[in-house]
Amino acid sequence: MINIKVNNTTHQFAKNSSLEGALNVLSIPVNGIAVAINQTIITKNDWNTTTLIDGDHILIITATQGG
């Protein structure tokens, strides 16, 4: 198991988990979000091929509408 912080909350995932897999496990809707790992934006096309490493910090930003 590896420990990953997601928006400042620690979660455990299996080794070699992908970013997309982690989002699925956490039931995070993938539409309208931006994701960064260790302050680097990861494009949606790369979520499935981006492997998480113990100690990574994931930041998920949700787009909102407003005026």
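Preceding block: the structure.
To start, this report covers the structure provided alongside it. By convention here, each chain's residues receive numbers from 1 onward along its written sequence. Restriction of local features to residues with pLDDT of at least 70 applies here, the model being predicted, together with a cutoff of 80 or more for giving and counting side-chain atom pairs; totals for whole chains, interfaces and linings are based on all residues. Water and hydrogen atoms play no part in the side-chain values, which are based on all heavy atoms of the structure.

**Here we look at the pairing of strand β5 (residues 57–62)**
Our working rule: Two strands qualify as a pair provided that DSSP identifies no fewer than 2 bridges between them. Strands are runs of DSSP state E lasting at least two residues, helices are runs of H or I lasting at least four, and both sets are numbered from the N terminus onward.
Pairing analysis gives two bridges linking strand β1 (residues 2–6) to β5, with the strands arranged parallel. Along β5, the bridge assignment pairs V6 with I58.

**What about the nonpolar core?**
Operational definition: Here, nonpolar core means buried Ala, Val, Leu, Ile, Met, Phe, Trp, Tyr and Cys residues that are tied together by side-chain atoms lying within 4.5 Å of each other. The classification of residues rests on relative accessible area computed with a 1.4 Å probe and restricted to protein chains. Under 20% of the type maximum is buried, over 50% is exposed, and intermediate values are partly exposed. Working rule for contacts: check all heavy atoms of both residues, and any pair within 4.5 Å makes them a contact.
Residues L19, V35, L52 and I58 are the most contacted members of the largest nonpolar core, which totals 15 residues. Mapped onto this core, the elements with two or more residues apiece are β1, α1 (19–25), β3 (33–37) and β5. Residues within four places of I58 in sequence aside, it is in contact with I4, K5, V6, N7, L19, V35, A36, I37 and L52.

**As for the pairing of β1**
Walk down a regular strand and you will see the side chains alternate between the two sheet faces. Residues I2, I4 and V6 of β1 are buried on one face, while the alternating residues N3 and K5, pointing to the opposite face, are not. With five bridges connecting them, β1 and strand β2 (residues 9–13) associate as antiparallel partners. Residue I2 lies in a different strand from β2, and its bridge partner there is F13. The hairpin turn running from β1 into β2, its antiparallel successor, is two residues long, and N7 in that turn takes a positive phi close to 50°.

**A word on unusual backbone geometry**
Of note, the phi angle at N8 is positive, near 70°, even though the residue is not glycine. Looking at where N8 falls in the secondary structure, it is placed in the loop between β1 and β2.

**Some words on the sheet that holds β5**
Spelled out, the test is: Under this scheme, a helix contributes an axis fitted over its contacting stretch, all axes are lines through C-alpha atoms, and angles between N-to-C directions fall in the 0 to 180 degree range.
Overall, mixed pairing links the five strands, which are arranged β2-β1-β5-β3-β4 in an open sheet. Of all the strands in the sheet, the pair left with one neighbour each is β2 and β4 (40–42). Taken over all neighbouring pairs, the strand axes of this sheet differ in orientation by 35° on average, direction set aside. One ladder, built from three bridges, connects β3 with β4; its direction is antiparallel. Of the residues in β4, the one forming a bridge with I37 is T40.

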